[in-house]
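Structure assessment
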Amino acid sequence: MARPDDEERVAAAPGQAPAKGYLPVPGGSPAMEMSTESQQSEPNACCLALNGVPRDSPAAASGALGSSQIQLAPEEETQVRLLPTDPGKETPGAEGSLVPRTALSARRFVVLLIFSLYSLVNAFQWIQYSIISNVFEGFYGVSSLHIDWLSMVYMLAYVPLIFPATWLLDTRGLRLTAMLGSGLNCLGAWIKCGSVQQHLFWVTMLGQSLCSVAQVFILGLPSRIASVWFGPKEVSTACATAVLGNQLGTAVGFLLPPVLVPNTQNNTDLLAHNISTMFYGTSAVATLLFVLTVIAFKEKPDHPPSQAQAALQDAPPGEYSYKKSIRNLFKNIPFVLLLISYGIMTGAFYSVSTLLNQMILTYHEGEEVNAGRIGLTLVVAGMVGSILCGLWLDYTKTYKQTTLLVYILSFCGMITFTFTLHLGHIVLVFVTAGVLGFFMTGYLPLGFEFAVEITYPESEGTSSGLLNAAAQIFGILFTLAQGKLTSDYSPRAGNIFLCVWMFIGIVLTALIKSDLRRHNINIGITNGNIKAVPVESPADQEPKTAMLFEQAAPAV
């Protein structure tokens, strides 16, 4: 929240939220008389209710406010902005205070399910080429790099489009963004149905490019859906479940293509038929999910699910600035550290997923089906890790500790996978890939939720969008570098390259300062604790005091 300009001295109108950066003081209570001593001797005289007027003053009943204002210190501006101001949505809280009305909607599960399913289809289309790269190389007559770009186009498209996509999410809302993601995913799937001829590689690239654009409107939604629709005790689990849909799509992408499109390059007609079956089946499912998105996907519930969401919804809409939000995020040092460390971890996961087929076939020739199964094991184990991490965060709120621990265990898993891949035991590869996936894929929702906590009240879509942009950039660089090392030297050289970067990510994660802003707001408003905090009057620049709600959550 930016500090207000000194020239802005406009008093809040009756019944309206405070002018940005100022806390209204009743006209009958001169600013100079507001002191800590007077508040202690007359605790009810100057105590501000949630709408900014004394609880027992005539102004509280009529809604009229005086013109005296107090300029807030930076850390208090956010608290005052987040205090609910709409009396129509207030209910009695602790110690007789007023808090916004909150409720959980049953529709939240429908929204989460629809999103998870079309996210699944999008992720399936991302990996469906790479896991049988040798088959598509032979069918289209192209190099392995061409097939790798069918995966990397997802990463390439995300970087320039993330800013307009997050702007659209913040300004036009959740429903429109969801329909764009589902609709473009459906359109791209249908275009690929027309590419099942050996000279039409450019058509399949066009369809894949549309799916990659759809992904921009998908990856940033898990934390937004969780925050807008789910309560504070289930928000991390909901975010993990939304991310799980994407992971499940990757898992299905590892499993089904080797089964639906076996390596029958000696029979081109049969191969074309099998590819066509996969493409048309994907298109049918994507179309069904687009129709369900249009019918059932709602912008937000009738009542906010948490105090943090209620405070954001009650904030004056004119104060939001997308550019200012971006600047605030990049000035947030803990978020910048998380941005880099998240990009390293997720980029490494993208690289391993893209090159898994090549790595497996280097040491286990003819094991295309098992390569897909190993990828499935990696992702399914990660899905379990995601859900367990989400449940753990909802229970403990230990965001930094959990994130750091999972990062370290992912690094250990990568080391183990690297130095056991060449031993010739396919069962051992299944085990090490499962361990690697449990922690590496399980880390993804942790990064989303940790980012929301340390950047609140900035938009969840913007923070998660930047995290994904970093992941795509690192994913492209890691895939190109690891692919070059794998082809020129060995898969071990490429994996060691990733291990070095993951160790750097551990160091950066350890440096992140944990400031759980969203959690503190929820706890502070729920408990209704009140304390006096120093602020400054714009008139005389002398330190004064005003009553604000205390964020009673312990620092982590």
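Preceding this section is the structure that the text describes.
About the thresholds
- Residues numbered from 1 in each chain as written.
- Predicted model: local features only at pLDDT ≥ 70, side-chain atom pairs only at ≥ 80, totals over all residues.
- Heavy atoms only, no water.
- Core = buried A, V, L, I, M, F, W, Y, C linked by side-chain atoms within 4.5 Å.
- Buried < 20%, exposed > 50% of the residue type's maximum accessible area, 1.4 Å probe, protein only.
- Helix = DSSP H or I, 4+ residues; strand = E, 2+ residues; numbered from the N terminus.
- Contact = heavy atoms within 4.5 Å.
- Patch = residues over 30% accessible without salt bridge, like charges linked within 9 Å, V, L, I, M, F, W, Y side chains within 5 Å.
- Areas by Shrake-Rupley, 256 points an atom, 1.4 Å probe, with all protein chains shown as cover.
- Salt bridge = Lys/Arg side-chain N within 4 Å of Asp/Glu carboxyl O.
- Phe/Tyr/Trp six-rings, centres within 6.5 Å; stacked < 30°, edge-to-face > 60°.
- Expected span 1.5 Å × (residues − 1).
- Disulfide = S-S within 2.5 Å.

Ranked by size, the top nonpolar core spans 124 residues in total, and within it F136 and F279 carry the most contacts. Broken down by element, this core gets its largest block of residues, 14 residues, from helix α14 (residues 333-363). Those residues within four positions of F279 in sequence are excluded, and the remaining contacts are Q128, Y129, F136, Y140, A189, K192, C193, S195, V196 and T204.

We now examine a nonpolar patch on the surface. Side chains of I415, F419, I496, V500, W501 and I504 sit close together on the surface and give an oily, nonpolar patch of about 460 Å² of accessible area. Those elements that provide at least two residues to the nonpolar patch are α16 (399-420) and α20 (491-510). Along the chain, F419 falls in helix α16.

Tallying each qualifying case throughout the model produces 18 aromatic pairs. Ring plane angle 80° and centroid distance 6.0 Å describe the contact between F109 and F230, whose orientation is recorded as edge-to-face. With F109 in helix α4 (residues 107-127) and F230 in the loop between α9 (221-229) and α10 (235-260), this residue pair connects regions lying 121 residues apart in the sequence. Looking at F109, the relative accessible area reads 46%, which means it is partly exposed. Both rings, one in Y129 and one in F136, keep their centres 4.8 Å apart while their planes meet at 55°; by these two values the pair is tilted. Each member of the pair Y129 and F136 is classed as buried. Ring pairing ties together the aromatic residues Y129, F136, F139, Y140, F201 and F279, which thus form one cluster.

Moving on: helix α11 (residues 268-296). Here α11 spans 42 Å end to end across 29 residues, near enough to the 42 Å set by a 1.5 Å rise per residue. Against the buried residues of α11 lie α4, α5 (133-140), α7 (174-193), α8 (201-216) and α10.

The next subject is α9. Of all nine residues making up α9, nine are buried, and the element is well covered by its neighbours. Listing the buried residues of α9 in full gives L221, P222, S223, R224, I225, A226, S227, V228 and W229.

Considering the arrangement of structural elements, one finds G382 in helix α15 (residues 368-396). Looking at G382, the relative accessible area reads 0%, which means it is buried. Considering only alpha carbons, one finds G382 and G437, 55 residues apart in sequence, at a separation of 4.6 Å.

Relative to the elements of secondary structure, V435 occurs in helix α17 (residues 426-440). With a relative accessible area of 40%, V435 lands in the partly exposed category. Separated by 23 residues in the primary sequence, V435 and C412 place their C-alpha atoms 9.3 Å from one another.

Turning our attention to the pattern of salt bridges. Taken as a whole and judged by the stated rule, the model has two salt bridges. The residue R108 makes a salt bridge to E234 at a minimum N-O spacing of 3.0 Å. Linking R108 in helix α4 with E234 in the loop between α9 and α10, this pair joins segments that are 126 residues apart in sequence. Overall, R108 belongs to the buried group, its relative accessible area being 10%. Close ionic contact of K484 with D488 constitutes a salt bridge, the shortest N to O distance being 3.3 Å. Placement of both K484 and D488 in helix α19 (residues 460-488) is noted, with a separation of four residues, approximately one turn of the helix.

Another point: the state of the cysteines. Applying the stated criterion to the full structure yields zero disulfides. As a non-bridged cysteine, C186 has C211 as the owner of its nearest cysteine sulfur, 9.4 Å distant. For C211, a relative accessible area of 0% puts it in the buried group.

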